[in-house]
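# Descriptive analysis of the structure
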Amino acid sequence: MELTTETVDDVTIVVLPGEQLDAGNAKEFKRDIAAVLEPCRKVVFDLRELRFVDSSGLGAILSCLRQLNGKGGDLKLCEMTKPVRALFELVRMHKIFDIYVTKADALRALRQREESGL
Amino acid sequence: MWRSPVRRFLSPPLHADGVFHSTDPAGGSGGEGPASRVTKTELRRELAEHRQTEAELEDARNFLDSVLEHLPVMLFVKDAEHLRFVRWNKTEEEALGIDRSVAIGKSDYDFFPEEQARFFEAKDRAVLTGGKMVDIPEEAIQTAHRGLRFLHTIKVPVLGTDGKPKYLVGISEDITDRKRAQEELARAREQEAEIGFRIQQTLLLEQPPQDLPGVRAAALTIPSQRIDGDFYDFFNHRDRCLDVIVGDVMGKGIPAALLGAATKSHFLQALSRLISLSEPGTLPEPKDIVTLAHSEVARQLIELESFVTVCYARLDLVNRRLDLVDCGHTTTIHFQAGTGTCRLLQGENLPLGVSEREIFEQMSIPVEPGDVLLFYSDGLTETRNASGELFGIERLADCVGRYGRLEPRDLIERIRLEAVAFAGSERFGDDLTCVAVRIEERQLPQARAELEISSDLKELARARMFVRDVCARLAAPVDEDTLNQLELAMTEAASNVMRHAYSGRTDRRIQLSAEIYEDRIVLRLHHLGQSFDPDAIRPPKFDGTEEGGFGMYIISQTVDEVRYHRDERGRNCISMIKKRR
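Here is what the cut-offs are and how they apply
Residues numbered from 1 in each chain as written. Chains lettered and ligands numbered in written order. Predicted model: local features only at pLDDT ≥ 70, side-chain atom pairs only at ≥ 80, totals over all residues. Heavy atoms only, no water. Helix = DSSP H or I, 4+ residues; strand = E, 2+ residues; numbered from the N terminus. Buried < 20%, exposed > 50% of the residue type's maximum accessible area, 1.4 Å probe, protein only. Contact = heavy atoms within 4.5 Å. Pairing = 2+ DSSP bridges. Axes fitted to C-alpha atoms, helices over the stretch in contact; angles between N-to-C directions. Buried area = accessible area lost by both parts, 1.4 Å probe. Salt bridge = Lys/Arg side-chain N within 4 Å of Asp/Glu carboxyl O. Polar contact = N/O pair within 3.5 Å; in protein donor to acceptor, adjacent residues only side chain to side chain. Nonpolar A, V, L, I, M, F, W, Y, C, P; charged D, E, K, R; others polar.

Here we take up the overall build of chain A. When helices and strands are counted, chain A shows four helices and seven strands. Going from N to C terminus, chain A has its helices and strands arranged as β-β-β-α-β-β-α-β-α-β-α. Looking at the 118 residues of chain A, the share that counts as buried comes to 51%. If you take every contact in chain A between residues at least 6 apart in sequence, the share linking residues at least 24 apart comes to 74%.

Okay, the sheet that holds strand β6 (residues 74–78) of chain A next. All names here are of chain A. Read across the sheet, five strands follow the order β1-β2-β4-β6-β7 without closing on themselves; strand pairing throughout is mixed. The outermost strands of the open sheet, each flanked by one partner alone, are β1 (4–8) and β7 (98–100). Neighbour-to-neighbour, the strand axes of this sheet turn through a mean angle of 25°, independent of strand direction. As judged from the five bridges shared by strand β4 (residues 42–46) and β6, these two strands associate in the parallel manner.

So, on to unusual backbone geometry. All names here are of chain B. Even without glycine at this site, Glu305 takes up a positive phi of about 55°. One non-glycine residue, Ser503, lies in positive phi territory at about 45°. Within the secondary structure layout, Ser503 lies in the loop between α13 (480–501) and β17 (509–516). Relative accessible area serves as the criterion here: at 59%, Ser503 is assigned to the exposed category.

The next subject is the interface of chain A and chain B. In this assembly, 23 residues from chain A lie in contact with 26 residues from chain B. Interface of chain A and chain B: buried area, both sides summed, is about 2,000 Å²; carbon and sulfur atoms make up 56% of it. A per-residue breakdown of the area chain A buries against chain B is headed by Phe52(A), Ser55(A) and Leu90(A), which together make up 25% of the total. Counting across the interface, chain A meets chain B through four salt bridges. Here Lys30(A) makes a salt bridge to Glu547(B), at a shortest N to O gap of 3.2 Å. Remark: the boundary between chain A and chain B carries nine residue pairs in polar contact (both at pLDDT 80 or more). Counting residues per element, the side of chain A that touches chain B draws most heavily on helix α2 (residues 55–70) of chain A, at seven residues. Each residue belonging to the side of chain A that touches chain B can be placed in one class, and the counts come to 11 nonpolar, six polar and six charged.

Scope: geometric values only; no functional claims are made or implied.
Below you can see the structure in the form of structure tokens.
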């Protein structure tokens, strides 16, 4: 799975590729994203491409959160489409993840967090 | 003549050799005075008498010895003070494998493990202190040559002339074999119950069809200790008719169960034979099916002096009619949705196996959507309460009248609860079987489609596309939110089948089907993998600590109803139903 990243200051932005993240490709994503996240601490997932996520896809994103949290890092989600948002709410993951409407909102939140010394 | 020595047996001391010795001649009362006062003749006479008595006593003792020695029960005597054996009969020798020459003068501690010896001693002391006979129904004893044996023992204290315990007599019977036989019998009974239960579950009781357009069916079975041979089965005729057959064999246990299974298979055979003889598109009449099945089983039933009550019901879903052949079975209850009342349906036919020349009559009753038919075994109506009153048909019909509008499975649960409350017990003397069938509004789907996919997770996208495509065929489109939820439900269900039912194998097949009705969308997945037990799945964790376990929860949240069942072709089927808004 080809993962393109963009770095703004010390924040890594990953645009999750493809329209779907389901049991059919979640394993592959999990493996490839782990390598990308390895050197990062602050990460934003841009989900604008994703039209469909199932429980396996959700599990894969959850594993990213845990990987980053485990080393004191941070993961923000943004640009979520309606059906993906619906799934997150269905399994109450909108309470676990920090979800922002736009990429700018997500970046601002990471910066503010730094300024407030958190 | 040996009475007197027997009485005396209880008082004279016994000697270590276990044989009675006289020290106090019975005729000794006359020998008090000095010999000088007695004349020689008198003395001679007395001596002769004495000898005579002695001889008689000796005979009596030998007789008694012989009796005790050859008693078929174990007999021992212990002295009261030290509890050492002073007598030990032949049966005791044989039973314990200890010769009397070894036993006499010894105590229990010399032969048995300490724990057992202590148990024996405690009992002995209790007998001696209590001064009364004690019956020990069962005691274990470790024998040298025959392993652990079980004895039934009676211990009796023997008092001396001073009124104090002098001896302890024990009589034991080896009950090991009897005990084992009883245990064996209990095990055999248990096994029979288990076999009966298995026959019942596998041969007699079919699961009602879960996913038939036009009917909803549910069944209940509560097995009793000994099965009754109740049976039921369902035949679906191309979704146009549903045949329900319920039966009850006279008698109990494995014979009844086997007879039930045989009768059921004769019905199946009769049905398939008549179908093959019928004009295409027509079905054989229930009365003809019963007649043919009966002709096959009647002779055997009569020879076995048994009979079977049967109710063969055909629900014609197209013509909204019930055809019923009742052969002495319990009265069928017909809940009429229009009036909310119950009608009792009873035919005139004799049970199968009563008369070889029985001509079976069939009755026809119109039915409407919402109507419920309740079939049951007499185990239900003949349930008794504490005061011996029968549950009865009125109570049952009343219950059906009250809960007739519930889903069939909820109706059956209500009936079960009422029967349990009435009987005051969760267990019943007879098997309790009950089948409820509700007629539904018959609708034709607005769209339907089928697709076969492989069990490869890469196929999930195709499964979603299938859902989207069938929904796109409708004149009035399905809203996007509903569509997204259907896609999710289909993906999660298919993914479960691939990963769990097929254990990750990618070369198996899954058949998808979709039917869209005016008020609902039905998605089905048919597979030949491991069946699910949805109850075994625990709810997911919503705190982010676990990455998996959301699948079943997502399905339950995105559709209105999920059913796991076997379809008519024996495949496992997951049906998901979503109401349309």
